[in-house]
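# Structure at a glance
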Amino acid sequence: MAVTTLSVELFDERQCTLGEGPVSSGSSHSDVQWVDIEARKVLSRNLETDEFKEYSVPELIGFVIPTETGRSLLGTTSGPVLYDGKNFTPYASRTEVDVTPIRWNDAKVSPDGDLWLGSLALTEEAGYGSFYRLDGATKELKKFLSGTGISNGLAWSGDMNTFYYIDTLTFGIEAFDYHSREISNRRMVIPCDTKYGFPDGMCIDSEDGLWVAFYNGSAVRRYDTRNNYAMTHEISVPALRTTSCAFAGKNLDKLIITSAERNNPASTIADGRTYICEPGYTGVATTLFAGA
């Protein structure tokens, strides 16, 4: 199968040390937020008004999740906290279930309303992270996987029968059976050759195609889960350390792509910026977290 090559345009010129976790929300899916993990910031830009904002948080921040109340759930080192525009309020503590010196990384709300979130060791070594579900109704933080490396991309198939997951240090995309808010039958479905980069953040389109950002790979690649996981598209990104992606816009037809400039001796002005692409597919609307 021939692979379609796509290009990007600059969406936001602010340079992130470690840009991650883009997410869209609002009535027209045009409020785009993302985090700069190591600079301890949440950034945003609106696709329609072009308004941009940012604010600082007191700790390393792995994710920003919009909620039904209009507040944001932030993945700070100590545990998820709620931010209402002025105050940070502790929501759930990871130390109740995990005492390893780690931080949160990627997270996403499942279509049935729970927040799934992963951790990694501050040293980014394999075997010290975990993967959890934060119950949207009870606030219970339940561990599902131990001994992970760098939890990253998360996505659910349209029929809700399959959950896709990336632990970057396994060098591929894995799948689980998903049923009654539980995961089982873990298997590798897309092994990746690391000479093309390391699989990082991920999102899914309305045709169950997985869009995967490749750290050290200058690319986002689409894999067709309905056709033996064949790679169908590759988006060329000027930033070497491409980190994550999310669909946004009124028709969910624009792909927002984050990147990082950290630890790159050959870093240029393109690294760490945020990009936009119209890939010819539509995404799936963000599920807002209802438990906050």
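Since this is a predicted model, take the numbers as computed values, not measurements. (Residues numbered from 1 in each chain as written. Predicted model: local features only at pLDDT ≥ 70, side-chain atom pairs only at ≥ 80, totals over all residues. Heavy atoms only, no water.)

Structurally, D271 is set in the loop between β24 (254–260) and β25 (274–277). The buried charged residue D271 lacks any salt bridge partner; its closest oppositely charged side chain belongs to R241, at an N-O distance of 7.1 Å. A distance of 2.7 Å separates the side chain of D271 from the backbone nitrogen of T268, its partner in a polar contact. When sequence neighbours within four positions are dropped, the list of residues in contact with D271 reads Q15, P238, A239, L240, R241, S259, A260, E261, N264 and A266. (Helix = DSSP H or I, 4+ residues; strand = E, 2+ residues; numbered from the N terminus. Buried < 20%, exposed > 50% of the residue type's maximum accessible area, 1.4 Å probe, protein only. Lys, Arg positive; Asp, Glu negative; His and termini not counted. Salt bridge = Lys/Arg side-chain N within 4 Å of Asp/Glu carboxyl O. Polar contact = N/O pair within 3.5 Å; in protein donor to acceptor, adjacent residues only side chain to side chain. Contact = heavy atoms within 4.5 Å.)

Any two side chains of opposite charge can pair, on the condition that their charged atoms come close. Counted according to the given criterion, the structure contains 19 salt bridges. With a closest N to O distance of 3.6 Å, R226 and D208 form a salt bridge. Note that R226 is positioned in the loop between β21 (219–224) and β22 (230–236) and D208 in the loop between β19 (198–204) and β20 (209–215), a separation of 18 residues in sequence. For D208, a relative accessible area of 11% puts it in the buried group. For K254, the salt bridge is made with D253, and the minimal N-O distance between the two is 3.5 Å. Taking relative accessible area as the criterion, K254 reaches 24% and is therefore assigned partly exposed. Residue D253 is classed as partly exposed on the basis of its relative accessible area, which comes to 22%. Taken together, the salt bridges that share partners define one network made up of D12, R14, K41, R45, D50 and E54.

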